[in-house]
Amino acid sequence: MEQPPRKGFFTDTSICIGCKACEVACKEWNHNPRDGDLELTGMSYDNTVSLGASTWRHVAFVEQGRDAIAAARTSGRALVSLGMPSVGAPASAVPAPDVAPPDTPEFRWLMASDVCKHCTHAGCLDVCPTGALFRTEFGTVVIQPDVCNGCGTCVAGCPFGVVERRSDGTAAPTYREGHRKGEQPPVPKRGVAQKCTLCYDRLLDDETPACAKTCPTTSIKFGDHTSMVASARERVAELHAQGMTEARLYGANELDGVGGTGSVFLLLDEPEVYGLPPDPRVCTADLPTMYKRAGVAMAGMVAAAAVAFWKGR
Amino acid sequence: MAAWSPLEWPVLRQVLTGDRTGRGAAVQSARTRQIESRNATADRVVQSVCPFCAVGCGQKVYVKDDKVVQIEGDPDSPISRGRLCPKGSSSEQLVNNPLRQTKIRYRAPHATEWTDLDRDTAIDMIADRFLAARRHGWQDHDEHGRPLRRTMGIASLGGATLDNEENYLIKKLFTAAGAIQIENQARI
Amino acid sequence: MANADCIILMGGNMAEAHPVGFQWVSEALAKGAKMIHVDPRFTRTSAVATKHVSIRAGSDVVFLGGLINHMISNELYFHDYVVAFTNAATLVSEDFRDTEDLGGLFSGFDPETGKYDPSTWAYADPAGGTVTGPSGEEHGASASARAAGHEYGSGGPPLEHASVLRDETLQHPRTVFQVLKRHFSRYTPEMVRDMCGISIDDFEYVARTIAESSGRERTTCFGYATGWTQHTLGAQFIRTAAVLQLLMGNVGRPGSGIMALRGHASIQGSTDIPTLFNLLPGYLPMPSVGRHDSYREYVDSIGSKQQKGYWAYAETYVVNLLKAWWGEAATAENDWAYDYLPRLSGAHGTYQTTADMRDGKVEGYFVLGQNPAVGSANGRQQRLAMAQLKWLVVRDLNMIESATWWKDGPEIESGELRTEDIATEVFFMPAATHVEKAGSFTQTQRMLQWRHQAVQPPGQAQSELDFFHELGVRIRARLAGSTDPRDRPLLDLTWDYPPDAHGNPDPEAVLAEINGYVVDDRAPLSAYTEMKADGTTAGGCWIYTGVYADGRNQAARRVPQGGGGVTQSEWGWVWPADRRILYNRASADRDGKPWSERKAYMSWDDAQGRWVGPDNVDFPVDKHPHARPDPSLGGAEGLAGDDPFVMQADGKGWLYTPKGLVDGPLPAHYEAAESPVRNALYAQQQAPARVLLARSDNMEAPSAGEPGADVYPYVFTTYRLTEHHTAGGMSRWSPYLAELQPEMFCEVSPELAAERGLVNGGWATIVSPRAAIEARVLVTDRIRSLTINGREVQQVGLPYHWGVGSDAVVTGDAANDLLGVMMDPNTQIQESKVASCDVIAGRRPRGADLQRLVASYQQRAGTTPETGTRAVTDPEKEGF
């Protein structure tokens, strides 16, 4: 069978308007139940808080003042001078006085739609003991709810905290009980792990994933992974040329701890600001070393035991 | 589901598919291998327009067994190019919402609860009340004897999410009945 | 919009309210355009704007007036366009007195009625005197009551003829240009700083950006929404922007204009084919007693045959409408059954009707896909009014608060009403969704798009079309045989729509009637120019003629991307006459050549002798640009080759409105009906001609300078969020949307939070002279405290999507309960964007204590129904 090219997202947060259409389109397509507790969090306009068993797209909102913006600009510029790959327009080429900061300098409101990273080296996939997770022909990582036994190993195996077990254990359409504020959804019986499938069913039919298709401003782009990474690099160069040195890529480096991600992001500040780990690392990255050390240790112990045994004679 | 076959034996599949670490094709379940997009299996696709704001985004409505199974953006639309906002994206839930009312409810004067009515009875009751209110509020002339030919007994509010054809019939019927207090969201 | 070089979004929050429409702004930005968002709040639109400018709610005329003054005094306006295409050169009557001459009022104010007599605002007549309307001048009091401003939804007001005096050097002191220059001279950058809270640097940035993005090579586009309309001078907000855009040459050209960003799927359609008290389809006015008693009086008053352009044929449109409604019963002998139309005798808008309802004058009320208990201003008044009805029919998808106020409304909780005491019968009729019926919506750019039916409505749900058709059938059956003349209009009504497979009327047949047809053979008309005034054609809405041309449903056209052309003309149908840019004759210069290569659109082709370009020209197609017909000619023949504004009575864009507005020929800044700020521009504090509803259930807060103003020290403004839709009837029942914005909240600045001890995530109670509501608190830098006239002014932001009930996924107090009803005199739209309040920490009292809290504030402020109702602030200055 011919292998299609690896697919992925490029989420350009610099043009996100925080409308959350991605969250709704995702839930609608996947028939995920609402999972918020219907209370205002007080965290700007974010009331779904994080990715989870039913929220497979999540939009973060960050309000920042002048100091934070300046710090982001500096740290972004540093990334460039550190030789971040393929980023053109070094800071020195930008005549500073002419580049009026393109946003409101004293304040900004960051919005970013987060999603499963579909890592090159996927911890969740590596640690799954049941074969419930698999890498698809599109290079994405998908959980099979009919195989999953809910052991939760993958939850711990994900360096991004993406995977979660759904409390009610189903992907059925929502129903009347548990809808209104104050009513509780049905008691969970059995939880299976859940996360974004990158719309595996839609990809099979050559359709765009629901979130990318609906995104009004094309902040979420979908396509072949290589072209996504290429346009991400172009975009970050363009923003740097405009003086927005706070722009940087996340997940586009195949030398990082997860071998690069299938979903790449353009961020306007440090990943931590958006609730993303700055240096994600697949939990199985050290397995070979660990095996080697364990092997050495075992050999040592065998030798020691042998010596002890031999001496004891 | 297909009958069990020796070829489904996991070790054999790992070898046969070349997925030796068991992280790909070898672990696909029978269900996974049958996954299809529900758009692909729909009986028909109907072109529509989003009912929320006035941008007029195109929608495609996927229908299976006379039930709407999916509503998403219509990429053919030059207005929206297939995109929808969160409200537009929730259209399928709007249509299939279990909270939605599909029964006529009637609250009698002073009653504390709703009761049910069949449609025939309900429209008859409304027609009777319409004519009575029209009669009670009728004005033939103003204080100077100039013609008014209207009723002040009936008012209506609504229409900005209704179709042009519906608004047309509403305005036509109410105007012919002499009812003038007809308003909609456009003023609010 | 994607073709604009600069986009000014003001009085609206496009990224939040119209995310998908916003893609065109994103595209313009990606092409290098600038986008400036001028708004009291830093919103999701501001977040992606080139620049956000914080403005005090309600001070937009000062800001835009400042821009006008800047462009005129620095000679940055588009001179050739202004001279050729606007009324800048036209001379105004000698009797006109500007706000500069009086203390902030225009000439003609009548303190008795609180309205203007606009006769002195007219153009000077070359034959002496002034150019009035075709049947004399209508007093503002009457025009305002029937919200006459609405009639100009498809063209300007009528003039008796189009012969005027012009001075194209623009030097004559009575030219519109000189009047304008003088009028706006006090709108200085310093005034903008003091009244809007906008720094001089920011003001100059905006002025520079617009100036650089206008002219031959470039265009600037404005987008607005209810942030402009929902004010006591809302129409004048838009007029100010229109004046600026005309001065800059930004009308009728690619990437130009002023976009109304409307909020409902067919809100445009519902004014074109109005469910509005004051209009008939196609912006024909409803007849008014005393003014339109006879057919002749009526048709003469709505369009003069001597005026230029297509409104000169208004009589034809009237005949076709009457013929469509009353068929054979409408004859030349009975004036086409004109007397079947009921007459207005004043304002019958939704708020006047609500007051009548409360006073027991209305028996029955239909509420159709609307939620006035939550969505209308002064919600308590709405609910108490409904409790006085004999019967109420609510048609909706969900069990909205307007259907359940009698059992779980706020007044039940507070004890003001007892369910057992309420005599109102309530019918809840489930409605069909958009996919369960076929029909057309008209979106905000006037495009009709047909929706095909996907499935049948579930259970007892039914479309409006089916319900009202059936109701009409039964009403007519009950009246059959009646000899009472009052029943003739119902019995003679054309009500015979062919049934579809399910026995319901075929919506396409209704569309065909709207489109119009030849009476003899029912052949569809293809353009309104085919309509005849002799009863041989009929058509329900002349501006929609052509939507069913050739017997094909043109609104259902769906060629992908609208086909190859730049106007995407094979998708849907745009009124009038499938024209995509209005007044597009103005995209070429006086000689018919494009203003520039970059902004070329329509132009005159000498060889072919016609206008050519990607669109249908909004002009007689073969009229030479140099044509100068006899000034006495009316109609399309009367248009000169340089009269691009074909729906205006003189063919020009109006910088100054000699007729048609009831609150002044030019915009002037007045403070909102309730404002803690004194008007620094004029002695006159509030819009003098604003419409009030002085009642004890609709009290106003004292304004700046009046005792008690400090009791309600803060300004609040209401708005919507991306995640919800209006009063929530289509969003608060959807779990996916409800969880995204689950609770009513208020947005306050850190300064206000400190002043009142508010905590982020905690509760606050907001008190106005009408109500007190509670909301969770978001403390945010997105709301700024502004320095106005040297004093700090705090603004409170309130989304208005929540309501008190028990059926929705999420409920909460309704922001609209706080609002009073004070209205724009042109449109009778209420002021929802600015009002006064106080904010206190903690939740609101429950039960009877709630009304006690509201009353204690009223007492402290000394408010009575008369508070804030004075029309003229300083009569001496106005010479009364």
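Parameters and conventions
Residues numbered from 1 in each chain as written. Chains lettered and ligands numbered in written order. Predicted model: local features only at pLDDT ≥ 70, side-chain atom pairs only at ≥ 80, totals over all residues. Helix = DSSP H or I, 4+ residues; strand = E, 2+ residues; numbered from the N terminus. Buried ≥ 20, exposed ≤ 12 C-beta atoms within 10 Å, placed from the backbone. Contact = placed C-beta atoms within 7 Å. Nonpolar A, V, L, I, M, F, W, Y, C, P; charged D, E, K, R; others polar. Domains from an automatic or database assignment. UniProt positions renumbered as here; feature names shortened; annotations may be inferred. Axes fitted to C-alpha atoms, helices over the stretch in contact; angles between N-to-C directions. Parallel < 35°, antiparallel > 145°, perpendicular 65-115°, else oblique. Left-handed = near helix turned anticlockwise from the far one by under 90°. Arc of directions from axis to C-beta. Pairing = 2+ DSSP bridges.

1. Some points on the overall build of chain C
Item 1. Tallying secondary structure elements over chain C gives 26 helices and 31 strands in all.
Item 2. Each of the three principal axes of chain C carries a C-alpha extent, and together these read 75 × 70 × 55 Å.
Item 3. Looking at chain C as a whole, 68% of its 880 residues are labelled buried.

2. Thoughts on the interface of chain C and chain B
Item 1. Taken residue by residue, the interface counts 131 residues in chain C and 99 residues in chain B.
Item 2. For the side of chain C that touches chain B, the element with the most residues is helix α20 (residues 464-479) of chain C, which contributes 10 residues.
Item 3. Counted by class, the side of chain C that touches chain B contains 63 nonpolar, 50 polar and 18 charged residues.

3. Some words on the domain arrangement of chain C
Residues and elements named next belong to chain C.
Item 1. Looking at the assigned domains, one finds that chain C contains domain 1 (1-263 + 581-668) and domain 2 (691-861).
Item 2. In this structure, domain 1 and domain 2 have C-alpha centres spaced 33 Å apart.
Item 3. Each partner contributes residues to the interface: domain 1 has 31 residues there, and domain 2 has 32 residues.
Item 4. Of all the secondary structure elements, the ones that give two or more residues to the side of domain 1 that touches domain 2 are α1 (14-17), α8 (189-196), α10 (226-229) and α11 (234-247).
Item 5. By residue class, the composition of the side of domain 1 that touches domain 2 is 11 nonpolar, 14 polar and six charged.

4. Concerning the interface of chain C and chain A
Item 1. Between chain C and chain A, the residue contacts involve 35 residues of the former and 32 residues of the latter.
Item 2. The element contributing the most residues to the side of chain C that touches chain A is helix α24 (residues 735-738) of chain C, with four residues.
Item 3. Split into classes, the residues belonging to the side of chain C that touches chain A amount to 17 nonpolar, 10 polar and eight charged.

5. Quick notes on the UniProt feature "binding site: [4Fe-4S] cluster 4" (unreviewed entry) in chain A
Residue and element names in this part refer to chain A.
Item 1. The UniProt record marks C128, C148, C151 and C154 with the feature "binding site: [4Fe-4S] cluster 4" (unreviewed entry), using the residue numbering of this structure. Across 27 residues, the annotated set stays spatially compact, with a maximum C-alpha separation of 10.3 Å.
Item 2. If you trace the backbone, C148 turns up in the loop between β5 (141-143) and α4 (153-157).
Item 3. Residue class for C148 comes out buried when judged on the 22 C-beta atoms lying within 10 Å of it.
Item 4. Its place among the elements puts C154 in helix α4.
Item 5. The residues contacting C154, other than those within four sequence positions of it, are C124, V127, C128, L133, V163 and A193.

6. Digging into the UniProt feature "binding site: [4Fe-4S] cluster 3" (unreviewed entry) in chain A
Residues and elements named next belong to chain A.
Item 1. With numbering matched to this structure, UniProt assigns "binding site: [4Fe-4S] cluster 3" (unreviewed entry) to C116, C119, C124 and C158. Taken along the chain, the residues just named run across 43 residues; in space they keep tight, none of their C-alpha pairs more than 11.1 Å apart.
Item 2. The residues touching C116, leaving out its near neighbours within four places in the chain, are W56, V162, K195, C196 and S263.
Item 3. Tracing the sequence through the fold places C158 in the loop between α4 and β6 (164-165).

7. Some points on the packing of helix α4 (residues 60-73) of chain C against α8(C)
Residue and element names in this part refer to chain C.
Item 1. Remark: α4 packs on α8, axes separated minimally by 9 Å, with the N-to-C direction vectors making an angle of 165°. By the angle between their directions, the pair α4 and α8 is classed as roughly antiparallel. As α4 packs across α8, the resulting crossing turns out to be left-handed. Taken together, the residues of α8 that come into contact with α4 (itself represented by V62, F63 and G66) are P189, M191, V192, M195 and C196.
Item 2. Across the contact of α4 with α8, the residue classes break down as seven nonpolar, one polar and no charged.

8. Observations regarding helix α7 (residues 176-183) of chain C
Residues separated by three or four positions in an α-helix point in the same direction, a consequence of the helix having 3.6 residues per turn.
Item 1. Among all positions of α7(C), only C:V176, C:F177, C:V179, C:L180 and C:H183 are buried. For α7(C), the arc enclosing every buried residue in end-on projection is 165°, short of the 170-degree limit, so these residues lie on one face.

9. Details of the pairing of strand β29 (residues 795-799) of chain C
Residue and element names in this part refer to chain C.
Item 1. Of all five residues that make up β29, five are buried, and the element is covered over most of its length.
Item 2. By the alternation rule, side chains of β29 split into Q795, G797 and P799 and V796 and L798, which are all buried.
Item 3. Note that strand β23 (residues 714-719) and β29 share five bridges and pair parallel. Bridge pairing in β29 places T718 opposite L798.

10. What about the packing of helix α5 (residues 119-136) of chain B against α20(C)?
Item 1. Contact geometry for α5(B) and α20(C): axes closest at 9 Å, N-to-C directions at 60°. Taken together, α5(B) and α20(C) sit at an angle that is classed as oblique. The two elements α5(B) and α20(C) cross, and the hand of that crossing is right-handed. Across the interface between the two elements, B:I123, B:D124, B:I126, B:A127, B:F130 and B:L131 of α5(B) pack against C:E470, C:L471, C:R474, C:I475 and C:R478 of α20(C).
Item 2. Grouping the constituent residues of the contact of α5(B) with α20(C) by class yields seven nonpolar, no polar and four charged.

11. Re the sheet that holds strand β2 (residues 58-64) of chain B
Residue and element names in this part refer to chain B.
Item 1. What the three strands build is an open sheet, ordered β1-β2-β3; its pairing is antiparallel. The open sheet terminates on both sides in strands that have one partner only, identified here as β1 (44-49) and β3 (67-73). Between one strand and the next, the sheet's axes are offset by a mean angle of 30°, whatever the strand orientation.
Item 2. Relative to β3, β2 runs antiparallel, the two being bridged by six bridges. By the bridge assignment, Y62 is partnered in β3 with Q70.

12. Focus on the sheet that holds strand β19 (residues 573-574) of chain C
Residues and elements named next belong to chain C.
Item 1. Judged by pairing direction, the sheet is antiparallel, and its three strands sit side by side in the order β15-β16-β19 without closing on themselves. Each having just a single partner strand, β15 (439-442) and β19 make up the two edges of the open sheet.
Item 2. As judged from the four bridges shared by β15 and strand β16 (residues 447-451), these two strands associate in the antiparallel manner. Its bridge partner lying in β16, G439 is registered against R451.

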